[in-house]
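Close look at the chain arrangement
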Amino acid sequence: MTFTGFIGKVCMWPLRAIIRACVALGIHPNTLTLIGVLINVAAACALGVNRFLLAGLIMIVANIFDFIDGKVAQQTNTVSRFGAFWDSTLDRFSDIALFLGLIYLYSTLHRTDYVMVASLAMMFSIMTSYARARAESLIEKCKVGFMERPERIVLFMIGAFTNRMGAALWVILILSIFTVADRIYYTYLALNKKPMPHGTGWRGVFWRAFFWRDERTTIPYDLWVIAILAFVWLMPPLWIGDPTAPGMGLWALLEP
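Residues numbered from 1 in each chain as written. Predicted model: local features only at pLDDT ≥ 70, side-chain atom pairs only at ≥ 80, totals over all residues. Heavy atoms only, no water.

So, a nonpolar patch on the surface
The grouping of Trp233, Leu234, Leu250, Trp251, Leu253 and Leu254 at the surface amounts to a nonpolar patch, some 650 Å² of accessible area in total. Inspection of the secondary structure puts Leu254 in the segment after helix H10 (237-240). According to the relative accessible area criterion, Leu254 is exposed, its value standing at 65%. (Patch = residues over 30% accessible without salt bridge, like charges linked within 9 Å, V, L, I, M, F, W, Y side chains within 5 Å. Areas by Shrake-Rupley, 256 points an atom, 1.4 Å probe, with all protein chains shown as cover. Salt bridge = Lys/Arg side-chain N within 4 Å of Asp/Glu carboxyl O. Helix = DSSP H or I, 4+ residues; strand = E, 2+ residues; numbered from the N terminus. Buried < 20%, exposed > 50% of the residue type's maximum accessible area, 1.4 Å probe, protein only.)

So this is what it looks like as structure tokens:
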């Protein structure tokens, strides 16, 4: 079992109980989706006033609802095309709300640079979802690129709980740009019936990293996760000018 697979199994224990409770109470999955969005708006408000720990706790609650709505729909036989549309649309509202909370915070701190970082991260995050949706209206599947919505949400929570939101935003921005590029290129290749890029040696490593197609809970996925966590936690906030976490971070522990 991989590291991320183990975490997923541990988290499923309480979630199964919550799913059973929602099914027993007869709560419609579309209602659960709406509740999750409203709670995420509360998390965005907490981000906007620099209450990162509170925001992280609220995000956990919000994303419980976001996760279980589909499971409840399956168990209650209420899966529908409108439900899928409703869920996808409200997910975009949740994403935008969290970014807007940070944009508001950085604007009150007069940090135009991080207003732009958060704005660009928001733009490419939305484009990540749009590119896949539009591509899959033309081809069968376009699930390439690493930075999808679950990864963004987890990074938001890690940034909030550990006060490393600046580094988390940079990861979201850079990997979202690559993910959008991946999906555009993949769709171009698929529509024109061209071979997918590959290679051996360092060329193969490059294409595997840039043109990401590995599933979650695999060893390559875990290696990416470890590299991202190392960057978020080891990058000195001073080096990236993090507005809410000044200093050298963990490196300060090495100072005499």
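As for the packing of helix H1 (residues 3-25) against helix H3 (residues 52-75)
The contact between H1 and H3 brings their axes to 9 Å, and the two run at 55°. Put simply, H1 runs oblique to H3. At the point where H1 passes H3, the crossing takes the right-handed sense. Every residue of H3 that contacts H1 at Met12, Leu15, Ile18, Ile19, Cys22 and Val23 is listed here: Ile64, Phe67, Ile68, Lys71, Val72 and Gln75. (Axes fitted to C-alpha atoms, helices over the stretch in contact; angles between N-to-C directions. Parallel < 35°, antiparallel > 145°, perpendicular 65-115°, else oblique. Left-handed = near helix turned anticlockwise from the far one by under 90°. Contact = heavy atoms within 4.5 Å.)

Notes on the side chain of Arg164
Here Arg164 shows up in the loop between helix H6 (149-162) and helix H7 (165-191). Asp242 provides the closest opposite charge to the buried, salt-bridge-free Arg164, at an N-O distance of 6.0 Å. For Arg164, the contacting residues outside a window of four places in its chain are Gly159, Val232, Trp233, Pro237, Asp242, Ala245, Gly249 and Leu250. (Lys, Arg positive; Asp, Glu negative; His and termini not counted.)

Remarks on the environment of Leu25
If you trace the backbone, Leu25 turns up in helix H1. A sequence separation of 210 residues divides Leu25 from Met235, and the C-alpha atoms of the two residues are 46 Å apart.

Examining the nonpolar core
In terms of nonpolar packing, the biggest core is built from 55 residues, with Tyr106, Phe156 and Leu169 touching the most fellow members. Mapped onto this core, the elements with two or more residues apiece are H1, helix H2 (29-48), H3, helix H4 (81-108), helix H5 (112-135), H6, H7 and helix H9 (219-234). Excluding residues within four positions of it along the chain, Tyr106 makes contact with Arg111, Tyr114, Val115, Ala118, Met165, Gly166, Leu169, Pro243 and Thr244. In terms of nonpolar packing, the next biggest core, distinct from the first, is built from nine residues, Ile139, Cys142, Leu189 and Phe210 among them. (Core = buried A, V, L, I, M, F, W, Y, C linked by side-chain atoms within 4.5 Å.)

Looking at the side chain of Asp182
The topology assignment puts Asp182 in helix H7. Lacking a salt bridge, the buried Asp182 has Arg183 as its closest oppositely charged neighbour, with an N-O distance of 7.1 Å. Other than its neighbours up to four places away in sequence, Asp182 contacts Val144, Gly145, Phe210, Phe211 and Trp212.

Some words on H2
Taking 1.5 Å as the rise per residue, H2 with 20 residues should run 28 Å; its terminal C-alpha atoms sit 29 Å apart, in good agreement. One or two steps after H2, the chain reaches Asn50, where phi turns positive at roughly 65°. (Expected span 1.5 Å × (residues − 1).)

Some points on the environment of Gly241
Locating Gly241 in the fold gives a position in the segment after H10. On the basis of relative accessibility, which here comes to 24%, the residue Gly241 falls in the partly exposed class. Considered as a pair, Gly241 and Arg111 are 130 residues apart in the sequence and their alpha carbons are 9.6 Å apart. What Gly241 contacts, discounting residues up to four positions off in sequence, is Arg111 and Tyr114.

Bear in mind that shape data such as this cannot, by itself, settle questions of function.
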